[in-house]
Amino acid sequence: MTSPLATEAAPFGRVLTAMVTPFTREGELDLDAVQKVASHLVDSGSDGLVVSGTTGESPTTTIAEDGRLLTAVIEAVGDRASIVAGVGTNDTRHSIELAQQAKKAGADGLLIVTPYYSKPPQSGLLSHFTEVARAGDDTPVMLYDIPSRSVITIADETYAAMADNPLIVAVKDAVGDLNRGAWLMRETGIKIYSGDDPLNLPWLAMGASGVVSVASHAAARQYADMVAAVDAGNLAEARSINDRLLPAVKAIMNYTQGAISAKATLQLLGVLEHRTMRAPLPEATEEEVAIIRAGLVASGLLES
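Residues numbered from 1 in each chain as written. Predicted model: local features only at pLDDT ≥ 70, side-chain atom pairs only at ≥ 80, totals over all residues. Heavy atoms only, no water.

Moving on, we come to the overall build of the protein. A count of helices and strands for the protein gives twelve helices and eight strands. Radius of gyration (C-alpha) of the protein: 18 Å, near the 19 Å computed for a compact globule of 304 residues. Along the first, second and third principal axes, the C-alpha atoms of the protein reach 50 × 45 × 35 Å. Counting every position in the protein, which comprises 304 residues, the buried fraction comes to 55%. Considering only residue pairs separated by 6 or more positions, the protein has 71% of its internal contacts joining residues 24 or more positions apart. Working note: accessible area of the protein is about 12600 Å², and carbon and sulfur atoms make up 51% of it. Distance between charge centres in the protein, computed from 23 positive and 37 negative side chains, equals 1 Å. (Helix = DSSP H or I, 4+ residues; strand = E, 2+ residues; numbered from the N terminus. Rg over C-alpha atoms; globule rule 2.2 N^0.38 Å. Buried < 20%, exposed > 50% of the residue type's maximum accessible area, 1.4 Å probe, protein only. Contact = heavy atoms within 4.5 Å. Areas by Shrake-Rupley, 256 points an atom, 1.4 Å probe, with all protein chains shown as cover. Lys, Arg positive; Asp, Glu negative; His and termini not counted. Charge placed at Lys NZ, Arg CZ, Asp CG, Glu CD.)

Set out below in structure tokens:
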């Protein structure tokens, strides 16, 4: 399945939210809340959702839960947003099963993170990405390069080796090296999505296709406006938007783990009734919620 929003320049849309996974107070998957959150995010400006990513607490969900979650999101908003399924793990066989399930469910794309903890060599990364992409049949792939969590970085030569693979079309970059990213786009043609909210504007200015954001749980419309301003060559307007969002981005990204902050954000916005997490992630403390509230207010995203 290919999203109707896909273009050659932005194969998964422009503003993707790395969506949280709502649970009941007892810690079970809450599909009603899942569909409510998905609809809210798309109504608020997201043209894509990443389901079962790190912000979706994917290390704690089962294959069956991932399938139910993906199906619920596609049913809710699949006709008006790109739906990218997180299928990456540090077990290639497990990731293949998730990719096959996502393909069957009708996902528009697959997100494959660099295998964490195992620390495979570059040859292992290449094999992992290639095999999991193949399992998704014709579903386009976005890699996820995040060495702060996976320990290793995808090497330039590994990107070069994947350049002719028609399935691997983009990377969510959380490496933070703008010059390297610009070189990769130039030399391999791979599309880059910013995977680090504080760097969204610099990445867009460097030619990134879009963003995969956590702060967009509250600021998707603003990021869509930033993308439009950059496209129009209006850097002053893009900077102005970025400046207004700085307090919210700092509050959401700097004080605790992103999934914890995102659920607290949605609770403050009245989208989620509570902010239940699955261990080992605790829910946001009252002090953390107060920091997030202050950041949202300062950025004009929540009334005081």
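Let's shift gears to the environment of I154. Secondary-structure assignment places I154 in the loop between α5 (147-150) and α6 (156-162). In this structure I154 comes out as buried when scored by relative accessible area, which is 0%. Residues I154 and Q122, 32 residues apart in the sequence, show an inter-C-alpha distance of 7.1 Å.

Along strand β2 (residues 48-51), one buried face is formed by G48 and V50 and the opposite face, lined by L49 and V51, is buried too. When strand β1 (residues 15-18) meets β2, the two strands line up parallel, connected through three bridges. Opposite A18, over in β2, you have V50 as the bridge partner. The parallel pair β1 and β2 is bridged by helix α1 (residues 31-43), and the resulting crossover is right-handed. A crossover connection joins β2 to the parallel strand β3 (residues 82-86) through helix α2 (residues 63-77); in handedness this β-α-β unit is right-handed. (Pairing = 2+ DSSP bridges. Right-handed = clockwise from strand over helix to strand, strands pointing away.)

Strand order around the closed barrel formed by eight strands is β1-β2-β3-β4-β5-β6-β7-β8, with parallel pairing between neighbours. With strand direction ignored, the average angle separating the axes of adjacent strands in the sheet is 25°. With three bridges joining them, β3 and strand β4 (residues 109-113) adopt parallel strand pairing. From the neighbouring strand, V84 faces β4, where its bridge partner is G109. (Axes fitted to C-alpha atoms, helices over the stretch in contact; angles between N-to-C directions.)

Further remarks concern the pattern of salt bridges. Per the counting criterion, the structure on display carries ten salt bridges. Residue K263 is joined to E57 by a salt bridge in which the shortest nitrogen-to-oxygen separation is 2.7 Å. One end of the pair, K263, is in helix α11 (residues 258-268); the other, E57, is in the loop between β2 and α2, with 206 residues separating them in the sequence. Using a relative accessible area of 1% as the deciding quantity, one classes K263 as buried. Exposure remark for E57: the relative accessible area of 2% places this residue in the buried category. The partner of D145 in a salt bridge is R180, with the nearest N and O atoms 3.8 Å apart. Taken together, the positions of D145 in strand β5 (residues 141-145) and R180 in helix α7 (residues 178-188) put the pair 35 residues apart, joining distant regions of the chain. The structure contains a network of salt bridges with shared partners spanning D145, D156 and R180. (Salt bridge = Lys/Arg side-chain N within 4 Å of Asp/Glu carboxyl O.)

In this section: the nonpolar core. Ranked by size, the top nonpolar core spans 82 residues in total, and within it L49, V73, I83, V87, L143 and L296 carry the most contacts. Broken down by element, this core gets its largest block of residues, seven residues, from helix α9 (residues 216-231). Setting aside its immediate chain neighbours within four residues, V87 contacts S95, L98, A99, A102, L110, L111, I112 and V132. In this structure, F12, V50, V113 and Y193 belong to the second largest nonpolar core, which totals 15 residues. (Core = buried A, V, L, I, M, F, W, Y, C linked by side-chain atoms within 4.5 Å.)

These results come straight from atomic positions and should not be treated as a statement about function.
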